[in-house]
Amino acid sequence: MSLIGSTIKPWESQAYHNGDFVDVSTEDFAGRWVIVFFYPGDFTFVCPTELADLEGIYGELQSIGVDVYSVSRDSHFVHKAWHESSPDVSKVTYPMVGDVKGEITSAFDNMRPSGLADRSTYLIDPDGVIQYIETTSEGVGRNATELLRKVKAAQYVRKHPDEVCPAKWEEGDETLTPSFDLSGKI
């Protein structure tokens, strides 16, 4: 059953963020656009490339009011060690949330039978409603630039509820206004 359109379940945990350990919870999401970026584990292969790719657009995400939280089943202590030892992960400036108990991963229905998190991305709107989910297989990394495009589309649709964004829509492109007369003409 898809979680799109559902309200996020509350959770709290610790994160490694900019050299410190900090408390984080869904209360931090209130009134904000949020990306929760799950990955299977620290000290792996595809994950550091994804975290660095996401860091590459983090500034732009922040400029459009979007917060980012990466999450794995590792502890915030392990996140710190990985941040200090990996050239790619050392670039990360968004919070790296620990989920040792699996409460966050379970709250997003994102737990593999192995106990690891799936490689999944969730976009949550300012009302705490999940607007977008992407899950890929173990060996397939995500593309942060495409995620940014989809975030902008979701924000546009929220501001313009009578319009929708067609495939490959980019900011500034034309949108569609769904209507009976438009059916079958695209």
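Since we're looking at a predicted model, the values are computed, not measured.

Thresholds applied
- Residues numbered from 1 in each chain as written.
- Predicted model: local features only at pLDDT ≥ 70, side-chain atom pairs only at ≥ 80, totals over all residues.
- Heavy atoms only, no water.
- Helix = DSSP H or I, 4+ residues; strand = E, 2+ residues; numbered from the N terminus.
- Buried < 20%, exposed > 50% of the residue type's maximum accessible area, 1.4 Å probe, protein only.
- Contact = heavy atoms within 4.5 Å.
- 1 Å grid on protein atoms, 1.4 Å probe; cavity = no way out; pocket = protein on both sides within 12 Å on 5 of 7 lines; lining within 4 Å.
- Points joined across faces, edges and corners; volume = space filled by probe spheres on them.
- Nonpolar A, V, L, I, M, F, W, Y, C, P; charged D, E, K, R; others polar.
- Pairing = 2+ DSSP bridges.
- Axes fitted to C-alpha atoms, helices over the stretch in contact; angles between N-to-C directions.
- Core = buried A, V, L, I, M, F, W, Y, C linked by side-chain atoms within 4.5 Å.
- UniProt positions renumbered as here; feature names shortened; annotations may be inferred.
- Phe/Tyr/Trp six-rings, centres within 6.5 Å; stacked < 30°, edge-to-face > 60°.

**Some thoughts on the overall build of the protein**
Inference 1: From N to C terminus, the protein includes 4 helices and 7 strands.
Inference 2: Shown N-terminal to C-terminal, the secondary structure of the protein runs as helices and strands in the order β-β-β-α-β-α-β-α-β-β-α.
Inference 3: Along the three orthogonal principal directions, the C-alpha set of the protein runs to about 55 × 30 × 30 Å.
Inference 4: Per-residue burial for the protein yields a buried fraction of 47% across its 186 residues.
Inference 5: Considering only residue pairs separated by 6 or more positions, the protein has 65% of its internal contacts joining residues 24 or more positions apart.

**A look at empty space enclosed by the protein**
Inference 1: Under the criterion given, the structure shown has 1 cavity of 30 Å³ or more.
Inference 2: For the largest cavity, the calculated volume is near 50 Å³.
Inference 3: Contributing to the lining of the largest cavity are Phe 37, Glu 50, Asp 53, Leu 54, Thr 121, Glu 134, Arg 142, Asn 143, Ala 144 and Leu 147.
Inference 4: Where the lining of the largest cavity is concerned, the elements lending two or more residues are α1 (46-63) and α4 (144-159).
Inference 5: Considered class by class, the residues forming the lining of the largest cavity number 4 nonpolar, 2 polar and 4 charged.

**Regarding the sheet that holds strand β3 (residues 33-38)**
Inference 1: Ordered in space as β2-β1-β5-β4-β3-β6-β7, the 7 strands form an open sheet in which the pairing is mixed. The outermost strands of the open sheet, each flanked by one partner alone, are β2 (20-25) and β7 (130-136). Across the sheet, the axes of successive neighbouring strands diverge by a mean angle of 25 degrees, strand direction being ignored.
Inference 2: Where strand β4 (residues 66-72) and strand β5 (residues 96-98) come together, 3 bridges link them in parallel fashion.

**Focus: the nonpolar core**
A general tendency of soluble globular proteins is for nonpolar side chains to be buried together.
Inference 1: Counting residues in each nonpolar core, the largest one holds 24 residues, and the members touching the most others are Ile 35, Leu 51, Leu 54 and Leu 61.
Inference 2: Among the elements of the structure, β3, α1, β4 and α4 are those that each provide at least two residues to this core.
Inference 3: In contact with Leu 51, not counting residues within four places along its chain, are Phe 37, Tyr 39, Ser 70, Trp 82, Val 89, Val 92, Tyr 94 and Met 96.
Inference 4: By size, the runner-up hydrophobic cluster in this structure holds 18 residues, among which are Trp 11, Val 34, Val 36 and Phe 38.

**Things to note about the layout of surface pockets**
Inference 1: One number sums up the size of the largest pocket: a volume of about 190 Å³.
Inference 2: Lining the largest pocket we find Glu 12, Ser 13, Gln 14, Asp 74, Ser 75, His 76, Gly 98, Asp 99, Val 100, Lys 101 and Glu 103.
Inference 3: Of the residues forming the lining of the largest pocket, the biggest block, 3 residues, is contributed by strand β1 (residues 12-17).
Inference 4: Taken together, the residues of the lining of the largest pocket break down into 1 nonpolar, 5 polar and 5 charged.

**Examining the UniProt feature "active site" (unreviewed entry) in the protein**
Inference 1: UniProt's feature table lists "active site" (unreviewed entry) at Cys 47, given in the numbering used throughout.
Inference 2: As for its position among the elements, Cys 47 is in helix α1.
Inference 3: What makes Cys 47 buried here is its relative accessible area of 1%.
Inference 4: Each residue touching Cys 47, except ones within four places of it in the same chain, is listed here: Tyr 39, Pro 40, Gly 41, Trp 82 and Arg 119.

**Observations regarding the packing of aromatic side chains**
Inference 1: Evaluation of the coordinates by the stated rule reveals 11 aromatic pairs.
Inference 2: Here Phe 21 and Phe 77 contribute two aromatic rings whose centre-to-centre distance is 5.0 Å and whose plane-to-plane angle is 75 degrees, an arrangement assigned as edge-to-face. Taken as a pair, Phe 21 in strand β2 and Phe 77 in helix α2 (residues 76-85) lie far apart in primary sequence, 56 residues in all.
Inference 3: We classify Phe 21 as partly exposed; its relative accessible area is 39%.

**Structural notes on the pairing of β4**
Consecutive side chains of a regular strand alternate in pointing toward one face of the sheet and then the other.
Inference 1: Among the 7 residues of β4, 7 are classified as buried, and the element is accordingly described as predominantly covered.
Inference 2: Every second residue of β4 is oriented toward a common face, with Val 66, Val 68, Ser 70 and Ser 72 on one face and Asp 67, Tyr 69 and Val 71 on the other, all of them buried.
Inference 3: For β3 and β4, the ladder comprises 6 bridges, and the chain directions are parallel. Counterpart to Phe 37 in the pairing with β4 is Ser 70.

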